[in-house]
Amino acid sequence: MVLYKLEDFEPSYQESFDGHDIKGLGVYTQGTDEKVGTVSDVLVDEEGHFRYLVVDLGFWIFGKKVLLPIGRARIDYSIDRVYTVGLTREQAEDLPEFDERQTLDYDYEERVRGVYRKPTNNNLPVEAATPLDPLAALDPLGSPVTPLGTTPTYARDSYTSENEPSLGTTPTYARDNYTYENDPTLYGLNEQDHQTLRLYEERLIASKRRQKTGEVTIGKRVETDTARVAVPVERERVVIERVTPADAGKPVSGREADFREGEVARIEIHEETADVRKEAFLREEVRVRKVVDQDTVETQETVRREELDVNTGNLPVEER
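Attention here is on the structure that accompanies the text. Source: prediction; values computed, not measured. (Residues numbered from 1 in each chain as written. Predicted model: local features only at pLDDT ≥ 70, side-chain atom pairs only at ≥ 80, totals over all residues. Heavy atoms only, no water.)

## What to know about the pattern of salt bridges
Applying the stated criterion across every chain, the model contains 18 salt bridges. Residues glutamate 100 and lysine 5 are paired through a salt bridge, measuring 3.2 Å at the closest nitrogen-oxygen approach. Here lysine 5 lies in strand S1 (residues 4-5) and glutamate 100 lies in the loop between helix H2 (89-94) and helix H3 (106-117), a separation of 95 residues in the sequence. For arginine 113, the salt bridge identified is with glutamate 109, shortest N-O distance 3.5 Å. Linking arginine 113 with glutamate 109, this pair stays in helix H3, spanning four residues, or about one helical turn. Each of Glu109, Glu110, Arg113, Arg117 and Asp183 takes part in salt bridges that share partners, so that together they form one network. (Salt bridge = Lys/Arg side-chain N within 4 Å of Asp/Glu carboxyl O. Helix = DSSP H or I, 4+ residues; strand = E, 2+ residues; numbered from the N terminus.)

Rendered as structure tokens:
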């Protein structure tokens, strides 16, 4: 299992902690509030899960750095402290020293885990470290409880190895199939100190869909009308005018007076008539197109939101 320094794995890791930097925080023992050292680095696995805090034990053992499994740490950003759960000075002395130039293989991690797996009064949970009531009848498994300070006795014929308590037994794991989930007490976050409530909220998501609102039909039709046009025309007519010449009454010779019968004068008379015909011409063009008008439509809907109710019981609680 490959481990990486937090800054090498995610250079902008501080953004995930609202600008806080876990490196440099003081490390204190939980309960006694004794300062152990400072956090010099964080080691994460290939998925970015916190696995170890690198603690500089300058206040206990000068110049020694050790690995603190994340399950044995409780981070309090309100006072910039990291509390160790169950770390004793004896364990700190037994822990192998961390060297950045050294390869973190399974054997090295197993040496670290072996130290933390050793049962001590400090790393037992609160319920286990509290003296039991001698008057209690049964333990959770239904077996008789032996009062503290007494030595249990067993009959020779009925004794088995199962009569002995299993505290102090060190579990064994195979190198090939070991995962950090095998040690929840070392790598799992303390559920009492790290609880997460997810608050949900509804929001309106606006979308649009196109629908047909109508149809416009455009076509042509032929209408008839009566058109009138004025055409000036000419007509010929014969005008017969009789006048008395100036030499009227003057005698003329017989040759000049030619009396003939049947003499006829013919004059052709013409007139104009209106010749009307029709021709088609372009009157106008009608252009048809669509335009899009934009408008804002407001709608409202009831949304739900979860709020956090904190009942502190008059205890100081800081909300960030």
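## Considerations on the side chain of glutamate 109
On the accessibility criterion, glutamate 109 (1% relative accessible area) is buried. Glutamate 109 has contacts with Met1, Leu3, Tyr52, Leu104, Tyr180 and Tyr187, leaving out every residue within four places of it along the chain. (Buried < 20%, exposed > 50% of the residue type's maximum accessible area, 1.4 Å probe, protein only. Contact = heavy atoms within 4.5 Å.)

## A short note on unusual backbone geometry
Within the chain, aspartate 33 stands out as a residue other than glycine whose phi angle is a positive 60 degrees. Topologically, aspartate 33 is positioned in the loop between strand S2 (26-29) and strand S3 (35-44). The phi torsion at aspartate 80 lies on the positive side, around 55 degrees, for a residue other than glycine. Tracing the sequence through the fold places aspartate 80 in the loop between strand S6 (73-76) and strand S7 (81-84).

## Topic: the nonpolar core
Judged by nonpolar contacts, the single largest core of 39 residues is most densely connected at Leu43, Tyr52, Leu53 and Leu67. For this core, the elements supplying multiple residues, two or more each, are S3, strand S4 (50-56), strand S5 (65-69), H3 and helix H5 (184-187). In contact with leucine 67, other than residues within four places in its own chain, are Leu43, Tyr52, Leu53, Val54, Leu95, Phe98, Tyr108, Val112 and Tyr116. (Core = buried A, V, L, I, M, F, W, Y, C linked by side-chain atoms within 4.5 Å.)

## A word on the pairing of S7
In summary, the side chains of a regular strand alternate between the two faces of the sheet. Pairing between S2 and S7: four bridges, direction parallel. Pairing of glycine 26 across the sheet is with arginine 81, part of S7. Here S6 pairs with S7 via four bridges, running antiparallel. From the neighbouring strand, isoleucine 75 faces S7, where its bridge partner is valine 82. Counted between consecutive antiparallel strands, the loop separating S6 from S7 contains four residues, among which aspartate 80 sits at a positive phi close to 55 degrees. (Pairing = 2+ DSSP bridges.)

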